[in-house]
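# Remarks on the overall topology
Letter by letter, the chains look like this.
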Amino acid sequence: MEHSYTLRKSSFIDIFILFCLLLVFTSCTSIPVERSWQDIKSVRYRTEELEVGDIIVKSKMAKDPLGWYGHAAMVVKEDTIGDYPKLGVGYYEIDTYSWLYEDREVMVLRYKHFDEKFKKLFIEKLKKYTDKGYFISGRKNTNSFYCSKYVWYIYYITAKELGYDLDLDSDGGFMVFPYDFIASKELDQIIF
């Protein structure tokens, strides 16, 4: 009996490691040549130029497993970032300057068709989905969110309620990763 348990535990660990490696490799997208990383300080000292709806993607960090995929959040009101940062935290809001504290590179992306009509509904949707827990799940499961899924879903549901389809996930996969926003043709890069 004990031997069978050891085999199952060993198999589970092997499958888990394989899944993690697969996830790492499938989330590694290339950056389009017309996009480039900026030093986080160049954005930190010009936060007054950020607008509601701007998506900020942080570069990947090798030393933190959650940082292997980068990080994404968005401006939810003047000088405020809305974020689902990590397991156990859920949604929170933080001033933009403090959110940009790390020594990482960033990209600021702006939806091309973010007009006043879109903005009004977008802000309503922001408030509606802040009470969920942090958990990594499929894109359309609204029981939980993680950083990039929250950003993606708010844009997706806002456009859907305005009567059109919008998918900011450039590869259209089951999950949306921070780097998936970088190649989206619906987003312009804002250079500071």
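Going along each chain's sequence as written, the residues are numbered from 1 onward. Where totals are concerned, whole chains, interfaces and linings use all residues; where local detail is concerned, this predicted model gives features only for residues with pLDDT of at least 70, and gives and counts side-chain atom pairs only at 80 or more. Side-chain figures throughout are based on the complete set of non-hydrogen atoms in the structure, without hydrogens or water.

## Regarding helix H5 (residues 147-161)
Counted at 1.5 Å a residue, the expected span for H5 with its 15 residues is 21 Å, and the 22 Å between its end C-alpha atoms agrees. Think of it in three bands: residues with accessible area under 20% of the maximum for their type are buried, residues over 50% are exposed, and the middle band is partly exposed, with areas taken using a 1.4 Å probe on protein chains only. Note on conventions: DSSP H or I runs of at least 4 residues are helices, E runs of at least 2 residues are strands, and numbering of each starts at the N terminus. Across the 15 residues of H5, 13 count as buried, placing the element largely inside the fold. Gly-163 sits one or two positions beyond H5 and adopts a positive phi of about 100°. How far a helix is expected to stretch is found by multiplying one less than its residue total by 1.5 Å.

## Describing the packing of aromatic side chains
Stacked, tilted and edge-to-face are the three classes applied to pairs of Phe, Tyr and Trp rings, where Trp contributes its six-membered ring and a pair requires centres within 6.5 Å; stacked means planes under 30 degrees apart, edge-to-face means over 60, and tilted covers the rest. By the definition in use, this model includes 22 aromatic pairs. Relative to Phe-145, the ring of Tyr-129 lies with its centre 6.0 Å away and its plane at 80°, an arrangement referred to as edge-to-face. Note that Tyr-129 is positioned in the loop between helix H4 (116-128) and strand E7 (133-134) and Phe-145 in strand E8 (residues 144-145), a separation of 16 residues in sequence. Here Phe-145 falls in the buried class, since its relative accessible area comes to 0%. Cluster of aromatic residues (ring-pair linked, three or more members): Tyr-84, Tyr-91, Tyr-129, Phe-145, Tyr-150, Trp-152, Tyr-153 and Tyr-156. Two conditions define a charge sitting above a ring: the NZ of Lys or the CZ of Arg must be within 6 Å of the ring centre, and it must be within 35 degrees of the ring normal. For the cation-ring pair, Arg-44 lies above Tyr-97, with the distance from its terminal atom to the ring centre recorded as 5.8 Å. Above the ring of Tyr-179, the side-chain terminus of Lys-60 is found at 4.5 Å from the ring centroid.

## Focus on the environment of Lys-117
On the secondary structure map, Lys-117 appears in helix H4. Taking the C-alpha atoms as reference, Lys-117 lies 8.8 Å from Leu-162; in sequence the two are 45 residues apart.

## Looking at the side chain of Arg-139
Take Arg-139: it is sitting in the loop between E7 and E8. Looking at Arg-139, the relative accessible area reads 11%, which means it is buried. Between two residues, a contact is recorded if the distance between any of their heavy atoms is within 4.5 Å. Look past the residues within four positions of Arg-139 in its chain and what remains in contact with it is Lys-149, Trp-152, Tyr-153, Asp-167, Asp-169, Gly-172, Gly-173, Phe-174, Met-175 and Val-176.

## Description of the confidence of the model for the protein chain
Residues of the protein chain with pLDDT of at least 70 account for 81%, and the chain-wide mean is 85. Confidence scores here are pLDDT values: one per residue, from the predictor, ranging 0 to 100. Averaged over each element, pLDDT in the protein chain is lowest for helix H1 (residues 2-26) (51) and highest for strand E6 (residues 105-111) (97). In this model, residues 18-28 is a region of pLDDT below 50 whose contacts with residues beyond four sequence positions or in other chains number ten contacts.

## Here's the deal with the pattern of salt bridges
A pair is scored as a salt bridge if a Lys or Arg side-chain nitrogen falls within 4 Å of a carboxyl oxygen belonging to Asp or Glu. All told, the structure shown has eleven salt bridges when counted by the stated rule. Among the ionic pairs, Asp-54 bridges to Arg-110, the shortest N-O distance being 2.7 Å. Here Asp-54, found in the loop between helix H2 (40-44) and strand E2 (55-58), pairs with Arg-110, found in strand E6; they are 56 residues apart in sequence, far enough to count as distant. Given a relative accessible area of 0%, Asp-54 falls into the buried group. We classify Arg-110 as buried; its relative accessible area is 18%. A salt bridge links Glu-93 to Lys-77, with the shortest nitrogen-to-oxygen separation between them at 3.3 Å. Pair noted here: Glu-93 is in strand E5 (residues 92-95) and Lys-77 is in strand E3 (residues 71-77), with a separation of 16 residues, a long-range link. Residue class for Glu-93 comes out partly exposed when judged on its relative accessible area of 40%. On the basis of relative accessibility, which here comes to 43%, the residue Lys-77 falls in the partly exposed class. Ionic contacts of the salt-bridge type, sharing partners, join the residues Glu-51, Asp-54 and Arg-110 into one network.

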